[in-house]
4 protein chains.
Amino acid sequence: MHADLTQQSIRTDLAIEAREMLIGEVEREIPGVAVQSEDFTDFQVTRVQITTPEAEKRMGKKQGQYTTLEVPGLRQKNTELQEMVARQFTKELLSMVQLAEDSSVLVIGLGNWNVTPDALGPRVVKDLLVTRHILKLQPETLGEGFRAVSALAPGVLGITGVETGEIIQGLVEKTKPDLLIAIDALAARNLSRLHTTIQIADTGITPGSGVGNRRLAISEETIGIPVIAVGVPTVVDAVTIADDLTSHLLAAIMEQAGPQSPVFKVVQSIAESDKRTVMAEILNPYGGRLMVTPKEIDTLIEDMARLLAGGINAALHPAIGREESTKYLH
Amino acid sequence: MHADLTQQSIRTDLAIEAREMLIGEVEREIPGVAVQSEDFTDFQVTRVQITTPEAEKRMGKKQGQYTTLEVPGLRQKNTELQEMVARQFTKELLSMVQLAEDSSVLVIGLGNWNVTPDALGPRVVKDLLVTRHILKLQPETLGEGFRAVSALAPGVLGITGVETGEIIQGLVEKTKPDLLIAIDALAARNLSRLHTTIQIADTGITPGSGVGNRRLAISEETIGIPVIAVGVPTVVDAVTIADDLTSHLLAAIMEQAGPQSPVFKVVQSIAESDKRTVMAEILNPYGGRLMVTPKEIDTLIEDMARLLAGGINAALHPAIGREESTKYLH
Amino acid sequence: MHADLTQQSIRTDLAIEAREMLIGEVEREIPGVAVQSEDFTDFQVTRVQITTPEAEKRMGKKQGQYTTLEVPGLRQKNTELQEMVARQFTKELLSMVQLAEDSSVLVIGLGNWNVTPDALGPRVVKDLLVTRHILKLQPETLGEGFRAVSALAPGVLGITGVETGEIIQGLVEKTKPDLLIAIDALAARNLSRLHTTIQIADTGITPGSGVGNRRLAISEETIGIPVIAVGVPTVVDAVTIADDLTSHLLAAIMEQAGPQSPVFKVVQSIAESDKRTVMAEILNPYGGRLMVTPKEIDTLIEDMARLLAGGINAALHPAIGREESTKYLH
Amino acid sequence: MHADLTQQSIRTDLAIEAREMLIGEVEREIPGVAVQSEDFTDFQVTRVQITTPEAEKRMGKKQGQYTTLEVPGLRQKNTELQEMVARQFTKELLSMVQLAEDSSVLVIGLGNWNVTPDALGPRVVKDLLVTRHILKLQPETLGEGFRAVSALAPGVLGITGVETGEIIQGLVEKTKPDLLIAIDALAARNLSRLHTTIQIADTGITPGSGVGNRRLAISEETIGIPVIAVGVPTVVDAVTIADDLTSHLLAAIMEQAGPQSPVFKVVQSIAESDKRTVMAEILNPYGGRLMVTPKEIDTLIEDMARLLAGGINAALHPAIGREESTKYLH
């Protein structure tokens, strides 16, 4: 029974959190990881660059660029803030890709329509301005300033029986886009990041990450074209919270006892195995995967999907970028 | 303006209706079309075989086998009838395909989740028992009697920007199934067929048919494996109803006047152009495609999707066929 | 069988159409019906006042004010036009009611969530800014400029087993609002009005109207407070279209034949009964109520619901009226 | 900041869990609480009777009868088990109410359609066989063996602006049912109870309980007719899990150290305040209410709603009770 939990370690899909966890341990910057931050009135942009194989290994994240927008205000309904963030998201997205005027782009909404915290990708796809077929058949109806955009929300392995990566490979071979953008719901470590954080990465989606357990990497190596991954944390694993809680509690006890105290040693010696036993006792009875989510998750996902769709529409279609980004939804 | 209507002719996706229309004109059987009917207590099965290129042309339907289940009672909620029809549907489906014990099958749900009358295909896919990934990764969890089934509801051209046929080609090349089953919502000519009729055809889906306008044929010629099309009429085009109404009315007048009457000739001479003018006057102001549907369409589609999914599950997985067919939904 | 159709007459829930039909017959204005029109760049506002019992009877609409916004462009996605119309809708709504600063308002979304063309009312309610409980419990969190708004989407008789009017009576007795606004999906006669027309009436909702068949009037007489009805046509009854088609066709034939022609008399004499017979032949086989709707109805209803919710929010909450109307959705 | 958490105590809506917590403390039965269990092959039924004001106070649950069905297998799709449990649920429900042949029943689906874990009540209402209007208007269409059932899913305070209890009071005054059944999603303490436990209580719904925070009690005292509450736990509060985790961990440490050890005293002395501090540190950053739910919650709620609706249909309509219970679901 306990095996499940022992094998699961604390998990985050955010590079920014992977870095925080390492820095927490070593208390200084990590070699091979360059970080640059920019503060705006209502949000912060952090750009993390992983540049060496060693840093890749320590961080548990592939080499490449990870840009994160942190917007605590997004959990409240605020149309103006949403539009401001959508514009910055468009800028950051464009700074990571090389788009020619006639580049064609395929957007993949990963995840499962019918599982609310995993539905972000399909929801974004629903609001995209898809143009590939119009540019092929009746380009005159669109006017200038639109790139060929196609989109698919293929569903998850448990629903299709096919690895999502295979479906994408087939589609890319048939339609030959120049760029792939993959949208996914992520798992965070820290509850404050739920529905407030957007990560854009040029590394693709690493297998096993995401809210659903997808397995085949979707990256330039497997797909053959550049892959930009856009993700938003919608859940924290219950195991992560449990691990954090117990670790913090034990640390607090040891700190209060002091390093010379016999308590310190006793607690230290018994801690790890007890921790696992207790977590197993509390979480295992369910016998499945548990997530921590806010009660209002349905609305939060709907709002975030509109923001991302608006930002992607503006990034891919210059004609829209010149106008406000939420205008061409549907 | 009128051009739209003049170009549209009466349309049906049902072979059984195409035949009725021809027979109505010529009043005898059509050469190259073999028909065989079987009556059950609460429904009727009709098997139409189109065997010559001439018949194909006259019928406007590809050569092949079209099996139709007509079940007037399906519009009322009746669980027992649904199960009975699901079992017969399973039998008819199995009689049209050659399945080895280890055959693998891909089921495609054509149509658009977000447009109720076009959502039949995606709804069926949602209720299928998909097994391909389990048989690959953990076959022991399933036991005997399950074939490798995969499924996709790709959406429509306007949502993906890609011809559905291309998406399927890519997927079939990657996953190499032995058989394709495509589910689609159809347009009928006759209102009595709405949500009461199931057509199974071994000819694939002809381009331009269905509720949405799909264009690339999905058939053995384009996909490379046998294609079974399963369809249910969910709408009648408003133009079809209008055409039927006006034709019947003119015929009624002429019949009443009698062939010797001057009225007969006058009405006959002026009918066709007036008919077009009047239909244009009434229907064109909307400026888009109009459909006639029952008010309770949402429920009817949900029920039919469960019936089809149950029947397909039983057909593809012998272990289910032995039990009752609706048991393994989800 | 034919009885159904003979009893059904052409039906419209729009006063503007009832008037057009009468004027079509008599070719001059109707006594007791005052009409005033105002043209805007992209839409037209028509204000019909029914002032005498005779006019009420002839029009088949209760005495009172009916304001109609006709916006042909609404069927295309156009955010700017939607906002412009929402603002005008707010103005027209406010001109029909007497709201004190502390008036409280109950909004009722009539219709059925699960039947797309009937879901307009519940969809509007979902997007309203509801404040009654906040003003009662924590008024300080809202600030100035908000009235007490409550809302309910009770569902339809077939789902609740209770007349919607009774549910509203109970709620009004308990919560004592000063004004009731009832939102409903309507049936139009003319296809061009589908999803492009908004009617605001100070007469309440007449029993038997609407897409669903509701029976107890929701009006000041039955509820005890002023009732404003807001409606948008989402369907045309198939019978209405059929009737229009056949009438126009017969008129066209007679016109072409000329009044002296024997054809004229023959067609005239046989027309009415034949018309009924033919319509019954074509429409009765379905055996239920049929509607004509555009294929993209799901999206059209979603857009219209947002427009109406935005306009009502701005009308009821002065703090929002000063800002743009779609900002406080959710 | 910490105040939030200090004020929240461990919370459960299940009498069976309230009892377990007390017994855990005192290690013997609680005076004024009678318990009786019955084991079936795949599930267990426990009947808890709270009979004294003292027991009411200690349990935090009103005096009355609480019957609980615990069915661990419900989390797997298993149609046969679902039907078996639905039948037992029908029996238990009937044993708690006094229904005459002509009793009329109002079923209220508490909770919010648009928030998945809170949507159980509205989903059940959707699948009920509602008959009150038919028995009033066309009783002959139903035949023998149907009671007058009405139903409403009013939504939650944040959506309506009105206390749900007030809406129900108004409706009960208008329609005078003999019995009220209220369905709600509950919060449990123990994860193993999620989606596997059904509680039936004759005490009504206590204010403040449920997944959403409703405030006015819905009970015989406030409504005037007997109220049966049917609930299923769909979430565990994150605070509950956190509290359980930390308590168990500290207990484990103390046990291992032994009561004579200095560690025991130190840990005991510092535990409570540290626990609160740590929980606040981990959970407060989100700043809202967090819930622990299984990933597949959407499907679990859909299945449970069908089970409950089937069971209630069979309990209220003798004609259905004689057949299988899921047969009359729409």
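Attention in this report is confined to the structure presented alongside it. Every chain is numbered independently, its residues counted from 1 as its sequence is written. Both sets of labels track the order of writing: A upward for chains, 1 upward for ligands. Only residues with pLDDT of at least 70 get local features here, since the model is predicted, and only at 80 or more are side-chain atom pairs given and counted; chain-wide, interface and lining totals rely on the full set of residues. Hydrogen atoms and water are omitted, and side-chain values are computed over all heavy atoms in the structure.

On to the overall build of chain A, then. Summing up its helical and strand segments, chain A has 13 helices and nine strands in all. Put simply, of all contacts in chain A between residues at least 6 apart along the chain, 73% involve residues at least 24 apart. Just so you have it, chain A exposes about 12600 Å², and 49% of that area is on carbon and sulfur atoms. Helix numbers and strand numbers start at the N terminus; a helix is a DSSP run of H or I with at least 4 residues, a strand a run of E with at least 2. Pairs of residues are marked as contacts when any of their non-hydrogen atoms sit within 4.5 Å. Here the open area of atoms and residues is found with the Shrake-Rupley method and a 1.4 Å probe, where only the protein chains shown may cover a residue.

Here we come to the relation of the copies chain A and chain D. Placing chain A over chain D gives an RMSD of 0.1 Å and needs a rotation angle of 180 degrees, together with 0.0 Å of translation along the axis. Expressed as an axis order, the relation between the two copies is that of a two-fold axis. Here 100% of the contact residues of chain A are again contact residues in chain D; the copies associate through an equivalent surface. Copy-to-copy superposition: least squares on the C-alpha atoms, limited to residues that have pLDDT of at least 70 in both copies.

On the side of chain A, 27 residues touch chain B, which itself brings 27 residues to the contact. Summed over both partners, the interface of chain B with chain A comes to about 2300 Å²; 59% of that surface belongs to carbon and sulfur atoms. Contact with chain A buries area across many residues of chain B, yet H133(B), E166(B) and K174(B) alone supply 21% of it, more than any other trio. Basic side-chain nitrogens of Lys or Arg form a salt bridge, by our definition, when they fall within 4 Å of a carboxyl oxygen of Asp or Glu. Here chain B and chain A share four salt bridges between them. In protein, a polar contact requires one atom able to donate a hydrogen and another able to accept it; more generally it is a pair of N or O atoms within 3.5 Å, and residues adjacent in sequence count only if both atoms are side-chain atoms. Counting every contact that joins chain B to chain A gives six residue pairs in polar contact (both at pLDDT 80 or more). A per-element tally of the side of chain B that touches chain A places helix α8 (residues 164–175) of chain B first, with eight residues. A 1.4 Å probe defines the accessible area here, and the buried area is the portion of it lost by two parts on being joined, summed over both.

It is worth spelling out unusual backbone geometry at this point. The backbone of H195(A) shows a phi angle near 65 degrees, a positive value even though the residue is not glycine. Of note, H195(A) is situated in the loop between β6 (179–188) and β7 (197–201). Positive phi, close to 50 degrees, is recorded for K176(D), a residue that is not glycine. As for its position among the elements, K176(D) is in the loop between α8 (164–175) and β6 (179–188). Burial classification: accessible surface area is computed with a 1.4 Å probe over protein chains only, and a residue below 20% of its type maximum counts as buried, one above 50% as exposed, and the rest as partly exposed. Taking relative accessible area as the criterion, K176(D) reaches 60% and is therefore assigned exposed.

Glancing now at the interface of chain A and chain D. On the chain D side, the residues contacting the 47 residues of chain A number 47 residues. Taken together, both faces of the contact between chain A and chain D bury some 4200 Å²; the carbon and sulfur share is 72%. Broken down residue by residue, the surface that chain A buries against chain D is led by L245(A), Y286(A) and K295(A), which jointly contribute 19%. Taken together, chain A and chain D are joined by zero salt bridges. Three residue categories are used. Nonpolar comprises Ala, Val, Leu, Ile, Met, Phe, Trp, Tyr, Cys and Pro, charged comprises Asp, Glu, Lys and Arg, and polar comprises the others, including Gly. Tallied by class, residues from the side of chain A that touches chain D come to 28 nonpolar, nine polar and ten charged.

All right, on to the relation of the copies chain B and chain A then. Aligned on chain A, chain B shows an RMSD of 0.1 Å; the corresponding rotation is 180 degrees and the shift along the axis is 0.0 Å. The fraction of interface residues of chain B whose copies in chain A are also interface residues reaches 100%, indicating that both copies meet through the same surface.

This part covers the side chain of R132(A). Following the sequence through the fold, R132(A) ends up in helix α6 (residues 132–137). Overall, R132(A) belongs to the buried group, its relative accessible area being 11%. Apart from the residues within four sequence positions on either side, R132(A) is in contact with A148(A), V149(A), S150(A), T175(A), G161(B), V162(B) and E166(B).

Our focus in this paragraph is the side chain of H133(A). With respect to the helices, strands and loops of the structure, H133(A) is situated in helix α6. Sequence-distant contacts of H133(A), that is, excluding residues within four places in its chain, are made with Q138(A), L157(B), G158(B) and G161(B).

A word on the environment of S103(A). Residue and element names in this part refer to chain A. The topology assignment puts S103 in the loop between α4 (79–96) and β4 (104–109). In this structure the C-alpha to C-alpha distance between S103 and A148, which are 45 residues apart in sequence, comes to 7.0 Å. At 2.8 Å, the side chain of S103 forms a polar contact with the backbone nitrogen of A100.

To continue, consider the pairing of strand β3 (residues 64–70) of chain A. Residue and element names in this part refer to chain A. β3 sits mainly inside the fold: seven of its seven residues count as buried. Pairing analysis gives seven bridges linking strand β2 (residues 44–50) to β3, with the strands arranged antiparallel. Counted as the bridge partner of V45 is L69 from β3. Judged from the five bridges that link them, β3 and β7 form a sheet pairing that is antiparallel. Bridge pairing in β7 places E70 opposite T197. Here, any two strands with at least 2 DSSP bridges between them count as paired.

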